[in-house]
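Working through the structure, step by step
The chain contents come next:
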Amino acid sequence: MKICVDLVRCQLHGQCAIAAPKLFSFGEDGKLQWVEQVDESARREAEEAADVCPEQAITIED
Amino acid sequence: MIGHVLVVGASLSGLRLAEQLRGLGHTGPITIAGAETRMPYNRPPLSKDVLTGDDDETALVQSLSFRLRPSLDDVTWKLGATAVACDLTLREVSFADGSTLSYDALAITTGLSPRRVPLPGGEKDRYVLRTLDGALALRARLVAGARLAVIGAGFIGCEVAASARKRGLAVTMIETFEAPMQRAIGLTAGQAMQALHRSEGIDFRLRAKIAGFIDRGDGHLDGIRLESGEVIACDLAVEAVGSTANTQWLAGNGLDLSDGVLCDNAMRVEGRADVVAAGDIARFPNLFADEVPRRIEHWTIPGFTAKRAAESLIKEMVQGSFAPVPAFWSDQHGLRLQSYGSPSLGDASELLEGSLCPGDMRRQGAALGYRRAGRMIGVVLIGLPAGRLAHYRNLVEVGRET
Ligand SMILES: Cc1cc2nc3c(=O)[nH]c(=O)nc-3n(C[C@H](O)[C@H](O)[C@H](O)COP(=O)(O)OP(=O)(O)OC[C@H]3O[C@@H](n4cnc5c(N)ncnc54)[C@H](O)[C@@H]3O)c2cc1C
Ligand code: SF4
């Protein structure tokens, strides 16, 4: 399963990092970092991050 | 098994509730009924990008509509259907077109409607903002040089003012409080935001009350008279004076509808096992703050409360106490405001970083902490990157009572 973030849509709200801190974080440079390849056990967390993103920037590809 | 779940209100909360029910393994029928004819869409851009941009209706529907999970493929949508009555004993909801639907479990997600200023005059030039159609109608009037009066300097009012200014309108904000957004972020931060708005050319009338709308005699607006006697000449007005909960259809069931729908900490409506509420309409005790039931009008709350409500319907799954940390954001004049926790409940605030002077605030940003009886209950960041929120969030978490 792959987590994609549309960086054109992303407005750096950081809601994803609140909902799924293991998958999303911010680097020293302020840029969004995320784990791209995750296994099935992280699906719920990834979906939660996608749901809380106010810009609908996060998609999950199977 | 809970049988047929009827969700009334087809927006963010209704959508999330249905998704959560499916996620929790409910395979029975779900109907989502909503007054708007559109599929659920995202409202925050309505006062921001929708007003400043030029995308047409088709493009906006495309970008604002929420993505639908495949798990909702078999949900029945009843759109353009306004619920007008409900019988919680018979378990039946009636709609404006005369149709009725019965249910085994009911989810209330009918949200809010903008409050109107209860004075006549100039009706053809008075706008409110809650729906995409409302935003499109307002945008059509945002032409450079026009004079706009924004009544109410809360978040939506401030965002509309900033967006209209960007389009070249002359904007005056009229507010009863001492500073914009004062209830939400306090006087100090409110005054800093006011200075920012002023530096962008927006005028303020604070501690001001409206005495009347001056009509040209044909339903169009000539100006607004304040109680001080001053007249604000304007071509159009936006009423952003808060909202009322859409509870009319629930009347007659003996519920406490004094401010939204009263829920317990499990999002059950007054303890009923078969009726839940979520989102802007739900007044619930959030143990993050205390046991006082309150409504929270933030985008992140529908997600949290819908999940909790879905768990409650699938009864045995609701566990522990529910204490979602409120969070919201706002965009004004290119600055992002981020709030975490409940700054409005604070009794004192302090500057944690940066500066509140307009020029410096633009360059360095600012972070404020809000304390309630010593405990850090909220933070507000203005013009700081999201990474800083991660830092300040921890200060709020620490203060949390368990
Ligand atoms: C212009 C604007 C800007 C915003 N900006 C931000 C922001 O920047 N940050 C932030 O955190 N939050 C923001 N919000 C708040 C956020 O959008 C709301 O918290 C969210 O929409 C609440 O979702 P909801 O589903 O509970 O209610 P709503 O979105 O109000 O949905 C309720 C739905 O129920 C329908 N309905 C009402 N009555 C009936 C009835 N009797 N029968 C059937 N259907 C009915 C309505 O038509 C509506 O579609 C903004 C809101 C607006 C309006
Ligand atoms: S929540 Fe969405 S917009 Fe915010 S940082 Fe994450 S991906 Fe970007």
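Relevant structure appears above.
What counts and how
Residues numbered from 1 in each chain as written. Chains lettered and ligands numbered in written order. Predicted model: local features only at pLDDT ≥ 70, side-chain atom pairs only at ≥ 80, totals over all residues. Heavy atoms only, no water. Helix = DSSP H or I, 4+ residues; strand = E, 2+ residues; numbered from the N terminus. Rg over C-alpha atoms; globule rule 2.2 N^0.38 Å. Buried < 20%, exposed > 50% of the residue type's maximum accessible area, 1.4 Å probe, protein only. Contact = heavy atoms within 4.5 Å. Areas by Shrake-Rupley, 256 points an atom, 1.4 Å probe, with all protein chains shown as cover. Lys, Arg positive; Asp, Glu negative; His and termini not counted. Charge placed at Lys NZ, Arg CZ, Asp CG, Glu CD. Near = heavy atom within 4 Å. Nonpolar A, V, L, I, M, F, W, Y, C, P; charged D, E, K, R; others polar. Polar contact = N/O pair within 3.5 Å; in protein donor to acceptor, adjacent residues only side chain to side chain. Pairing = 2+ DSSP bridges. Axes fitted to C-alpha atoms, helices over the stretch in contact; angles between N-to-C directions.

1. Digging into the overall build of chain B
The helix and strand inventory of chain B stands at 9 helices and 26 strands. Since a compact globule built from 402 residues should have a radius of gyration of about 21 Å, the 22 Å found for chain B is in line with a globular shape. The C-alpha extent of chain B, read off along each of the three principal axes, is 60 × 55 × 40 Å. Scored against the burial criterion, the 402 residues of chain B give a buried share of 55%. The long-range share in chain B, meaning contacts at least 24 apart out of those at least 6 apart in sequence, stands at 62%. Put simply, chain B shows about 16,100 Å² of open surface, and 50% of that area lies on carbon and sulfur atoms. Positive and negative side-chain charges in chain B, numbering 44 and 46 respectively, have mean positions lying 3 Å apart.

2. Details of the site of ligand 2
All residues adjacent to ligand 2 are Val5, Cys10, Gln11, Leu12, His13, Gly14, Gln15, Cys16, Leu32, Cys53, Glu55 and Ile58 of chain A. Residue composition of the shell around ligand 2, grouped by class: 7 nonpolar, 4 polar and 1 charged.

3. Regarding the site of ligand 1
All names here are of chain B. Taken together, 33 residues lie near ligand 1, and Ser13, Glu36, Arg43, Lys48 and Arg130 sit nearest. At 2.6 Å from an oxygen atom of ligand 1 is found a side-chain nitrogen or oxygen belonging to Arg43. Take Lys48: an N or O atom from its side chain is 2.6 Å from an oxygen atom of ligand 1. Within the complex, the protein chains bury 93% of what would otherwise be the 990 Å² of accessible surface of ligand 1.

4. Looking at unusual backbone geometry
Residue and element names in this part refer to chain B. Located in the positive-phi region is Arg207, a residue other than glycine, with phi close to 50°. Secondary-structure assignment places Arg207 in the loop between strand 12 (203–205) and strand 13 (210–215). Looking at Arg207, the relative accessible area reads 62%, which means it is exposed. A positive phi is found at Glu270, a non-glycine position, where the angle reads about 45°.

5. Some thoughts on the sheet that holds strand 5 (residues 92–95) of chain B
All names here are of chain B. In space, the 3 strands of this open sheet follow the order 4-5-6, with antiparallel pairing throughout. Each end of this open sheet is capped by a strand with a single partner; those strands are strand 4 (83–87) and strand 6 (100–102). Averaged over all neighbouring strand pairs, the angle between strand axes comes to 20°, with direction disregarded.

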